[in-house]
Amino acid sequence: MIMVAIADYNVKEKSQWCPGCGNFAIVGALKGALADLGIAQHDAVIVSGIGCSSKLPHYVNTYGFESLHGRGLPVASGIKLANDRLTVVDVGGDGDGYGIGSGHFLHIMRRNYDLTYIVHDNQIYGLTTGQASPTSQLGMKTKTTPHGVVEMPFNPLSTAINGGATFVARVFAGDIAHMKDVFKQAITHKGFALVDVFQPCVTFNKLNTYDFFTKRVYKLDAEGHDPGDRMKALEKAYEQVKTNYERLPVGVFYKEERPTYESTLPQIKDKALAEQPLNAIDISAAYADME
Ligand code: SF4
Ligand code: MG
């Protein structure tokens, strides 16, 4: 492990986020987690889609890739295949990942790439100024739902547990120490790790505020929750629905060990693809096929 300080991940670029946005705590916790784990800047890649949260790669001094709306995960998996020795973290929002990107979300999980996926779940579309998102609460009034949301919210945690993610967690952006600890567990986990973050959007979501979460979140650890128990994890994932958002557990819901997608590929067993010589590859047969 090398010594890295949080300041090593700082950048000069000024953030475009609104003052008080939960995204500031998330980027701080992520930098803290990378520093604590001794991950050098050149060994980490932060990928994103499009949205307020997806500006995050600009604010951390590692490699970064801001991709297209909902397309962070396919880019992250491609990077992982090209160089599986890198630490790859994908970040995005609830609209980005659970809306337009939901197809990628499902299929990446069942493959179990060794990736960390952090979703800034503010239950609204922030960058486009306040429309209902897949996780907006029932009854919530927004620009696109002036009489209140009538659709059942998407449940990222139960979807991830059923979809094949091998590490499923949720944290609250109002508790940086806990968030950093869970990010570290997610990054060191060998397999696909989802961390859904309750991230207050102070500008457009006046329902799910810091105060709202502070009154309702509680830590699974305090209840002695066993993350190896899939049925119990599912029960906890539905608690917010059952209690109409009155009790919101945070922490590690579910964890299992399963071979990663990359570990099943003999081509990269001994050497990352990026380190293999290109001059020995003969693709003339493939050309001939296409003629
Ligand atoms: Fe944060 Fe909301 Fe402002 Fe976007 S619009 S930067 S999510 S407070
Ligand atoms: Mg959002």
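Above this text sits the structure in question.
Overview of the structure. (Residues numbered from 1 in each chain as written. Chains lettered and ligands numbered in written order. Predicted model: local features only at pLDDT ≥ 70, side-chain atom pairs only at ≥ 80, totals over all residues. Heavy atoms only, no water.)

## Points about the packing of helix H2 (residues 72-82) against helix H4 (residues 102-111)
Then, number 1: Relative to each other, H2 and H4 sit at 35°, their axes nearing to 8 Å. Here Leu73, Pro74 and Ser77 of H2 come into contact with H4, specifically with His104, Phe105 and Ile108. (Axes fitted to C-alpha atoms, helices over the stretch in contact; angles between N-to-C directions. Helix = DSSP H or I, 4+ residues; strand = E, 2+ residues; numbered from the N terminus. Contact = heavy atoms within 4.5 Å.)

## Focus on H2
Then, number 1: Listed as buried for H2 are Gly72, Leu73, Ala76, Ser77, Ile79 and Lys80. Projected down its long axis, H2 shows its buried positions confined to an angular sector of 160°, all on one face.
Then, number 2: The secondary structure elements touched by the buried residues of H2 are strand E1 (44-48), strand E3 (87-93), H4 and strand E4 (116-121). (Buried < 20%, exposed > 50% of the residue type's maximum accessible area, 1.4 Å probe, protein only. Arc of directions from axis to C-beta.)

## Observations concerning the packing of aromatic side chains
Then, number 1: Enumeration according to the criterion identifies 11 aromatic pairs in this entry.
Then, number 2: Each ring, one from Tyr98 and one from Phe154, has its centre 5.1 Å from the other, and the planes form 35°; the classification is tilted. With Tyr98 in helix H3 (residues 94-100) and Phe154 in the loop between E4 and helix H5 (156-163), this residue pair connects regions lying 56 residues apart in the sequence.
Then, number 3: Take Phe154: its relative accessible area is 24%, and that puts it in the partly exposed class.
Then, number 4: Centre to centre, the rings of Phe172 and Phe213 are 5.5 Å apart; their planes meet at 45°, and the pair counts as tilted. One end of the pair, Phe172, is in strand E5 (residues 167-172); the other, Phe213, is in helix H7 (residues 210-216), and 41 residues separate them in sequence.
Then, number 5: Ring pairing ties together the aromatic residues Tyr98, Phe105, Tyr117, Phe154 and Phe192, which thus form one cluster.
Then, number 6: Above the plane of the ring of Phe212 lies Arg216, whose end atom (NZ or CZ) is 4.1 Å from the centre.
Then, number 7: In this structure, Arg247 is placed above the aromatic ring of Tyr218, and the distance from its NZ or CZ to the ring centre is 4.1 Å. (Phe/Tyr/Trp six-rings, centres within 6.5 Å; stacked < 30°, edge-to-face > 60°. Lys NZ or Arg CZ within 6 Å of the ring centre and 35° of its normal.)

## Looking at the site of ligand 1
Then, number 1: Close to ligand 1 lie Trp17, Cys18, Cys21, Cys52, Asn122, Gly126, Gln199, Cys201, Val202, Thr203 and Phe204.
Then, number 2: Partitioned by chemical class, the residues of the shell around ligand 1 number 7 nonpolar, 4 polar and no charged. (Near = heavy atom within 4 Å. Nonpolar A, V, L, I, M, F, W, Y, C, P; charged D, E, K, R; others polar.)

## What about the sheet that holds strand E6 (residues 193-198)?
Then, number 1: Judged by pairing direction, the sheet is mixed, and its 8 strands sit side by side in the order E2-E1-E3-E4-E6-E5-E8-E7 without closing on themselves. The sheet terminates laterally at strand E2 (63-66) and strand E7 (217-219), the two strands that pair on one side only. Pairwise comparison of adjacent strand axes, ignoring direction, gives a mean angle of 20° for this sheet. (Pairing = 2+ DSSP bridges.)

## Overview of the environment of Tyr245
Then, number 1: Its place among the elements puts Tyr245 in the loop between helix H9 (239-242) and strand E8 (248-255).
Then, number 2: Spatially, the C-alpha atoms of Tyr245 and Gln137 are 8.5 Å apart, while their sequence positions differ by 108 residues.
Then, number 3: Each residue touching Tyr245, except ones within four places of it in the same chain, is listed here: Gln123, Thr135, Gln137, Pro153, Phe212, Arg216 and Gln240.

## A word on the coordination of the magnesium ion (ligand 2)
Then, number 1: Looking at the magnesium ion (ligand 2), the protein donor atoms are Asp94 (OD), Asn122 (OD1) and Ile124 (O), and they sit 2.2 Å from it.
Then, number 2: Summarised as a motif, the one-chain spacing of the donors to the magnesium ion (ligand 2) is D-x27-N-x1-I. Taken together, the residues span a long stretch of sequence, with Asp94 in helix H3 and Ile124 in the loop between E4 and H5 at a distance of 30 residues. Comparing Asp94 with Ile124 shows no difference in burial state: the two are buried. (Donors = N, O, S within 2.8 Å, 3.2 Å for Na, K, Ca; no water.)

## Focus: the pattern of salt bridges
Then, number 1: Scanning the entire structure with this criterion turns up 15 salt bridges.
Then, number 2: With a closest N to O distance of 3.0 Å, Lys236 and Glu223 form a salt bridge. Here the residue Lys236 occupies a position in helix H8 (residues 230-237), and Glu223 occupies one in the loop between E7 and H8, the gap between them amounting to 13 residues.
Then, number 3: Residue classification places Glu223 among the partly exposed positions, given a relative accessible area of 43%.
Then, number 4: Of the charged contacts in the structure, one is a salt bridge between Glu223 and Arg247, with a shortest N-O distance of 3.2 Å. Within this pair, whereas Glu223 is found in the loop between E7 and H8, its partner Arg247 is found in the loop between H9 and E8, the two being separated by 24 residues in sequence.
Then, number 5: One salt-bridge network, in which partners are shared between bridges, spans Glu223, Lys236, Glu239 and Arg247. (Salt bridge = Lys/Arg side-chain N within 4 Å of Asp/Glu carboxyl O.)

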